[in-house]
Structure formats: structure tokens, C-alpha cells
Amino acid sequence: ARQLVAAGNLGQPAVMRLRRGTFQPQKAADNWFMDEAKSGGMMLDLMIHDFDYARWVAGDVATVYARKISSQRPSASVDHGLVILTHRRGTLTHVEGSWAYPPPLFRTQLEIACSNGWVRHDSEESTALLVRLHQQAGEIPDVPLAASPLLENPYTTQIRAFYRHLTEGTPLPVTAADGLAAVQIALGAIESAQTGRPVRLPALPEVAS
């Protein structure tokens, strides 16, 4: 989808909608995922991947506005968030994240509407069937992992790229600056959800290559 947009045939990205929903991470004891002081909560653990993707497609983000359940009801047993990103080039991105789906479901969706066209993807339409009603509670993983239609597991691709960087000096496909920008957006979303006000993100310093 990003390659289609980058090629220019679809025109300028106008509105993106990104959704990522799964079940709340489960641990028998000391579930640090539920401690925002330790994990950053759903927005920093789950939604950050879509913040990163939005920036990859539409460029740097100027403002963030967010709402989420846990900011209004800290004792809630689930969490769900909505975030609006305003990109510096004018694109608007709507990001929806959820820790309220039943296990073992993990679903992602994207829509990118551009000036000359539109592209859409839904993980449930291109991967193996995710509903496994025969699963017992003990078979459900503590931390959800997304399915993928690719021949190679994306986690393997990620580890392979880092290994080649260490052993052969191959450039990394994702830079430290990209990671920093994604964290900045996520922290802005958390602040906005807590205060109820939009957060303006300062431009990050240039990082020497």
C-alpha cells in the first residue's frame, strides 16, 4: 500500500484510517502491560505501530488529538482508543486501537484515500482463518501476535535485517530517528488522552546519518 502511494499514481494522501484490535495482554501475575508507568499502556505498546506507519506513508505529524477508555475509567477491564493525526503536509490520519477483542483475535485494517485513488487492506481477508473456537484458555498466548500472509514471518524478517546489519554492515530499513518519531507521536497521544486537548509536536532534531 505504501509503495502504491509513494509511486504517485494515486495522488496526494488525503485521509488514512488505520485500525489494530486484539485482546488485552494477559499474565498470571505482575501484568506490567497494565501499568502505564512501565509499559505506556495500549497507545505505546499497540497503537505505536500505526503511528509509525502513518508517518511512513504521509510524513511527519504536526498535531495529535486522542481519547481512550482508560483515561476516563482507569479501572476498566479493557481499553480502546481513537487518535487523529494531522500531518505537516496536510494528510489526516484516524487511528483506532483496541485491547477489547476476545482472544485469540488480532485484526488490522487500513484505508488510504488519495486525490486520484484509494487503497484498502483487511488482515481477515488475506490470512488464514483466525477464529479458532476449539482453543482452550491455556492455549491462548499471554501476548497477542498478528498473523501475516507473507511467506516469511515479519518477525523473522526483522531479526534477519538486524543480524545482517551487525554482521555485514547492511543499512537498517528503519532508523533510530524513525523509532524516536513514533515514540514522540505515541507520547503525544497519551498526553492528549489525559488532558482532552490536542498536542502540538515539535520538530525533531536532525540526526546525522
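In case you missed it, the structure is sitting above this.
Residues numbered from 1 in each chain as written. Predicted model: local features only at pLDDT ≥ 70, side-chain atom pairs only at ≥ 80, totals over all residues. Heavy atoms only, no water.

K.L.:
I keep staring at the overall build of the protein chain and nothing clicks. Help me out?
P.N.:
Of the regular secondary structure elements, the protein chain holds six helices and seven strands. Along the protein chain, helices and strands appear, N-terminal first, in the series α-β-α-α-β-α-β-β-β-β-α-α-β. Contacts in the protein chain between residues at least 24 apart in sequence constitute 67% of all its contacts with a sequence separation of at least 6. As presented, the protein chain carries roughly 12,500 Å² of accessible surface, and 55% of it is formed by carbon and sulfur atoms. (Helix = DSSP H or I, 4+ residues; strand = E, 2+ residues; numbered from the N terminus. Contact = heavy atoms within 4.5 Å. Areas by Shrake-Rupley, 256 points an atom, 1.4 Å probe, with all protein chains shown as cover.)

K.L.:
So what exactly am I meant to see when it comes to helix α3 (residues 41-58) here?
P.N.:
Given 3.6 residues per turn, any residue in an α-helix points the same way as the ones three and four places further on. For α3, built from 18 residues, the straight-helix expectation of 26 Å at 1.5 Å per residue is met to within 8% by its first-to-last C-alpha distance of 25 Å. Considering bend angle alone, the principal kink of α3 is centred on Met 47 and spans about 60°. Most of α3 sits out of view: 13 of its 18 residues are buried. (Expected span 1.5 Å × (residues − 1). Bend = angle between axes of the 7 residues up to and from the residue. Buried < 20%, exposed > 50% of the residue type's maximum accessible area, 1.4 Å probe, protein only.)

K.L.:
For this particular structure, what's the right way to read the sheet that holds strand β5 (residues 106-114)?
P.N.:
Adjacent strands of a sheet pair through backbone hydrogen bonds, lying either parallel or antiparallel. As summarised here, the arrangement of the seven strands in space is β6-β5-β1-β4-β3-β2-β7, forming an open sheet in which the pairing is mixed. The open sheet terminates on both sides in strands that have one partner only, identified here as β6 (118-122) and β7 (199-200). Sheet topology places strand β3 (residues 80-87) next to strand β4 (residues 92-98); seven bridges connect them, and they run antiparallel. Directly across from Leu 82, in β4, lies its bridge partner Glu 96. Helix-sheet contacts for helix α6 (residues 176-195) involve β2 (61-68), β3 and β7, and the interaxial angle to β2 is about 45°. (Pairing = 2+ DSSP bridges. Axes fitted to C-alpha atoms, helices over the stretch in contact; angles between N-to-C directions.)

K.L.:
Would you mind showing me how to read the pattern of salt bridges here?
P.N.:
Any two side chains of opposite charge can pair, so long as their charged atoms come close to each other. Counted under the stated rule, the structure contains nine salt bridges. Here Glu 36 and Lys 68 are joined by a salt bridge, their closest N and O atoms 2.6 Å apart. Taken together, the positions of Glu 36 in helix α2 (residues 36-39) and Lys 68 in strand β2 put the pair 32 residues apart, joining distant regions of the chain. On the basis of relative accessible area, Lys 68 is assigned to the buried category, the value being 6%. One salt bridge connects Arg 107 with Asp 122, and the closest N-O pair in it is separated by 2.5 Å. Of the two residues, Arg 107 is situated in strand β5 and Asp 122 in strand β6; the sequence distance between them amounts to 15 residues. The class of Arg 107 is partly exposed, set by a relative accessible area of 25%. (Salt bridge = Lys/Arg side-chain N within 4 Å of Asp/Glu carboxyl O.)

K.L.:
Explain the packing of aromatic side chains here, please?
P.N.:
Within a pair of aromatic rings, the relevant descriptors are the distance that separates the centres and the angle that separates the planes. The tally for this structure, following the rule as stated, stands at two aromatic pairs. Between Trp 32 and Phe 33 the ring centres are 4.3 Å apart and the planes differ by 20°, which places this aromatic pair in the stacked class. According to the relative accessible area criterion, Trp 32 is partly exposed, its value standing at 36%. Centre to centre, the rings of Tyr 53 and Trp 56 are 5.9 Å apart; their planes meet at 65°, and the pair counts as edge-to-face. Note that Tyr 53 and Trp 56 are positioned in helix α3 at a spacing of three residues, about one turn of the helix. (Phe/Tyr/Trp six-rings, centres within 6.5 Å; stacked < 30°, edge-to-face > 60°.)

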